[in-house]
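Architecture at a glance
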Amino acid sequence: MKKVLLASACLFALAAPASAADLAARPYTKAPVAVASVYNWTGFYLGIVGGGAWENASGDPKMKGGFVGGTAGYNWQTGNVVFGIEADGAWADVSATATGATVVPGFGVVTATATSKTDAMGTVRGRIGYAVNQVLFYGTGGYAWIDNKISLSALGVTASDSKWHSGWTVGAGVEAFFAPQWSVKGEYLYRSLGGETYFSGALPTGTLNFHTVQVGVNYHFGGPVVAKY
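All figures in this text were calculated on a predicted structure; none of them were measured in a lab.

Formed by 13 residues in total, the largest nonpolar core has its most connected members in Phe 67, Val 94, Met 121, Ile 146, Leu 193 and Phe 210. When contributions to this core are tallied by element, the ones reaching two or more residues are strand E4 (81–104), strand E6 (135–154) and strand E11 (208–220). With 4 residues, the single largest contributor to this core is E4.

With that settled, the discussion passes to the packing of aromatic side chains. Tallying each qualifying case throughout the model produces 8 aromatic pairs. Ring centres of Tyr 219 and Phe 221 lie 5.1 Å apart, and the angle between their planes is 85°; this geometry places the pair in the edge-to-face category. Under the relative-accessibility criterion, Tyr 219 is labelled partly exposed at 26%. In this structure Phe 221 comes out as partly exposed when scored by relative accessible area, which is 42%. Ring pairing ties together the aromatic residues Phe 44, Trp 182, Tyr 219 and Phe 221, which thus form one cluster. When the ring centre of Tyr 138 is taken as reference, the NZ or CZ atom of Arg 127 above it lies at 4.4 Å. Residue placement shows Arg 191 over the ring face of Phe 67; its charged tip is 5.7 Å from the ring centre.

Turning next to the side chain of Thr 118. The topology assignment puts Thr 118 in strand E5 (residues 108–132). We classify Thr 118 as buried; its relative accessible area is 1%. In this structure the side chain of Thr 118 is engaged in a polar contact, spanning 2.8 Å, whose partner is the side chain of Asn 148. Residues in contact with Thr 118, not counting those within four places in the same chain, are Met 63, Ala 92, Asp 93, Val 94, Ile 146, Asp 147, Asn 148 and Phe 210.

On to the pattern of salt bridges. What the rule picks out here adds up to 9 salt bridges. As a salt-bridge pair, Asp 88 and Arg 125 come within 3.0 Å of each other at their nearest N and O atoms. Residue Asp 88 is found in strand E4, and its partner Arg 125 is found in strand E5; the two are separated by 37 residues along the sequence. Asp 88 sits in the buried class, given a relative accessible area of 10%. The shortest N-O distance in the salt bridge between Glu 175 and Arg 127 comes to 3.1 Å.

What counts, and at which threshold
- Residues numbered from 1 in each chain as written.
- Predicted model: local features only at pLDDT ≥ 70, side-chain atom pairs only at ≥ 80, totals over all residues.
- Heavy atoms only, no water.
- Core = buried A, V, L, I, M, F, W, Y, C linked by side-chain atoms within 4.5 Å.
- Buried < 20%, exposed > 50% of the residue type's maximum accessible area, 1.4 Å probe, protein only.
- Helix = DSSP H or I, 4+ residues; strand = E, 2+ residues; numbered from the N terminus.
- Phe/Tyr/Trp six-rings, centres within 6.5 Å; stacked < 30°, edge-to-face > 60°.
- Lys NZ or Arg CZ within 6 Å of the ring centre and 35° of its normal.
- Polar contact = N/O pair within 3.5 Å; in protein donor to acceptor, adjacent residues only side chain to side chain.
- Contact = heavy atoms within 4.5 Å.
- Salt bridge = Lys/Arg side-chain N within 4 Å of Asp/Glu carboxyl O.

This is the structure:
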């Protein structure tokens, strides 16, 4: 029995290191690399826009007021450069009223009121900018239009005439994603509209120039977020 115990002890002593060697080796697993989100601005978008406008004129009264409407556009991105086209249209209440004395044949001097009101406005513009991940800084410019109405009132009678003014616009803005498919923007535009003649040639107007500041929210179709390892 003593010999058996000694032999068993020897076998256990020889087997233990081999078992320990088998248990010690474990495969190495590399930790996963963190995923970085990169915003891609390419794609179609729709949004809402609103803001304020005031006439760039030396005297008073100056036309001023607000507007609200919609936006549609498409962006292309190459590297950090983003370029695209955007159109917007808005309902507006931008107006000015002047009251004074005027001479009406057969009635003499009477009090008359003249009101100029822009009921709608919009643009079709190109945009080019530089994207820093989810933030885009851009310049913009293109075609601008307004629908304007002039009303004249005297002796209890009011006459009105509406004209479409066309011109150009230029400006700049910044836009940023705040959710995977949603962005918010702030924008300044200078709009210059050519003059028109109202009341069958009786009342010509000069160029109408406006400063406008607007903000908007856009929804971007497709996934603007690209996962990058």
